[in-house]
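Chain and residue survey
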Amino acid sequence: MSSILFVNESQEIDISEEDDLRSVALDNKIDLYTFKGKLMNCGGYGQCGTCLIEVVEGMENLSPRTPVEDAKLKRKPETYRLACQTLVLGSASIKTKPS
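Reading the values: the criteria
- All residue numbers refer to positions counted from 1 along the written sequence of the respective chain.
- Residue-level local features of this predicted model are given only where pLDDT is at least 70; pairs of side-chain atoms are given and counted only at 80 or more, and the full residue set underlies all totals for whole chains, interfaces and linings.
- Computation of side-chain values covers all heavy atoms of the structure but excludes hydrogens and water.
- Two strands are counted as paired when DSSP detects at least two bridges linking them.
- Working definition: helices are DSSP H or I runs of at least four residues, strands are E runs of at least two. Numbering for both runs from the N terminus.
- For patches, a residue must show more than 30% relative accessible area and have no salt bridge; joins then use 9 Å for like charges and 5 Å for nonpolar side chains, namely Val, Leu, Ile, Met, Phe, Trp and Tyr.
- Accessible surface is estimated by sampling points in the Shrake-Rupley manner with a 1.4 Å probe; for residues, cover comes only from the protein chains shown.
- Every case where a carboxyl oxygen of Asp or Glu lies within 4 Å of a side-chain nitrogen of Lys or Arg is listed as a salt bridge.
- Positive: Lys, Arg. Negative: Asp, Glu. His and the chain ends are not part of the count.
- By convention, charge coordinates are those of NZ in Lys, CZ in Arg, CG in Asp, or CD in Glu.
- Any residue under 20% of the maximum accessible area for its type is buried, any over 50% is exposed, and the rest in between are partly exposed; the area is computed with a 1.4 Å probe on protein chains only.
- Pairs of N or O atoms within 3.5 Å make up the polar contacts considered here, provided that, within protein, one atom can donate a hydrogen while the other can accept it, and that residues adjacent in sequence are counted only when both atoms are side-chain atoms.
- The criterion used for residue contact is that any of the two residues' heavy atoms lie within 4.5 Å.

Okay, the pairing of strand β3 (residues 52-57) next. Where β3 lies against strand β4 (residues 80-82), 3 bridges are found, and the strand directions are antiparallel. When the bridges of β4 are listed, L52 appears paired with L82. As paired strands, β3 and strand β5 (residues 92-96) are joined by 4 bridges and run antiparallel to one another. The residue of β5 that forms the bridge with E57 is S93.

Written out as structure tokens, the structure reads:
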């Protein structure tokens, strides 16, 4: 079994592999969204870009960026992902709401 450490929240969660990070966070009451995202998120379809996260460690244990992410995050660092598009394949450390 793998785990995700949400750095800002100091919370480590055991997960099943191939869960998406958005579902893991929301199921465990981790707040992914800024105020705008709370009002206007797309529900996990990759269309709004409001579930932005930063991968601190374990990028190799996550699915590769999707074409949707490439389009939405083209001006963001490679360590930024959309939680709804990121499948967990192993342990990782994540920062929510990166600046």
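Further notes follow.
Taken together, the side chains of E17, E18, D19 and D27 present a region of like negative charge at the surface. Structurally, E17 can be placed in the loop between β2 (11-15) and α1 (21-27).

Here we come to the side chain of T96. Position of T96 among the secondary structure elements: in strand β5. Judged by its relative accessible area of 2%, T96 falls in the buried class. At a separation of 2.7 Å, a polar atom in the side chain of T96 contacts the side chain of E9. When neighbours within four sequence positions are excluded, T96 is seen to be in contact with F6, N8, E9, I30, D31, L32 and I53.

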